[in-house]
Amino acid sequence: CGIEQLVELARGTVQRAHGALECGPGCRQRLGTRRRQRQRLSEASTPISVGDAEPDADALTRFFETQGARLFGQVRTARLLDGDATRDGIRRELARLAREARPEDVVVIYLAGHGVGLDQQFYFLPRDMRREPDEEAAIRKYGMAAPELGTALRAIRALKQILILDTCNSEA
């Protein structure tokens, strides 16, 4: 099974669980201005709510646990939900992958939640994101910038890696 087939199988699993690959009812329209992006962040609860992220993560985990044996010799899954999906929790899991993954492994990382573009930089906002009076400073303080994610991925020895960012405002 090639990577393209794996992605299509996983996409079908999420679509059946969630109905579509969308962030949620409030995020279906791309927010065009940073002011509107900040408004969405300000309206979020503290900690921020990620809506449909858990059912999607459950669906992908179940997919790999039930179908993965047909594709791979061994499948290991790890889910970080709610209080575990913090910036430090994500960093720890990425560091574990860097220690344990081998070049012949296939690593799939699925990050679902909020994303924000700030000064032409994408930030993934983990569960411990907090609102502060200076929202740009809060995003830089609590968010995970794309270069940080890139550095973590480069540290993982697996030659086949898939990063799925299921976020609003992914700046794509």
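Residues numbered from 1 in each chain as written. Predicted model: local features only at pLDDT ≥ 70, side-chain atom pairs only at ≥ 80, totals over all residues. Heavy atoms only, no water.

**Some details on the environment of F64**
As for its placement among the helices and strands, F64 is situated in helix 3 (residues 53-71). As for F64 and T77, which are separated by 13 residues in sequence, their C-alpha atoms are 7.7 Å apart. (Helix = DSSP H or I, 4+ residues; strand = E, 2+ residues; numbered from the N terminus.)

**Quick word on the pattern of salt bridges**
Summed over all chains, the structure comprises 10 salt bridges. A salt bridge links R102 to D105; the nearest nitrogen and oxygen atoms lie 3.1 Å apart. Residues joined by salt bridges that share partners form a network here, namely R76, E93, R96 and E100. (Salt bridge = Lys/Arg side-chain N within 4 Å of Asp/Glu carboxyl O.)

**Some points on unusual backbone geometry**
In this model, D82 sits at a positive phi of 50°, which is unusual for a non-glycine residue. Taking relative accessible area as the criterion, D82 reaches 45% and is therefore assigned partly exposed. Even without glycine at this site, D119 takes up a positive phi of about 50°. With respect to the helices and strands, the residue D119 is situated in the loop between strand 1 (106-118) and strand 2 (121-125). The partly exposed category is assigned to D119, whose relative accessible area is 46%. (Buried < 20%, exposed > 50% of the residue type's maximum accessible area, 1.4 Å probe, protein only.)

**Points about the pairing of strand 2**
Taking burial as the measure, the 5 residues of strand 2 include 4 buried ones, the bulk of the element. Hairpin connection, strand 1 to strand 2: the antiparallel pair is bridged by 2 residues, and D119 has positive phi, about 50°. The sheet contact formed by strand 2 and strand 3 (residues 144-145) spans 2 bridges and is antiparallel. Bridge pairing in strand 3 places F124 opposite M144. (Pairing = 2+ DSSP bridges.)

**Here's the deal with the packing of aromatic side chains**
Within the structure shown, the criterion is met by 1 aromatic pair. Between F63 and F64 the ring centres are 4.9 Å apart and the planes differ by 75°, which places this aromatic pair in the edge-to-face class. (Phe/Tyr/Trp six-rings, centres within 6.5 Å; stacked < 30°, edge-to-face > 60°.)

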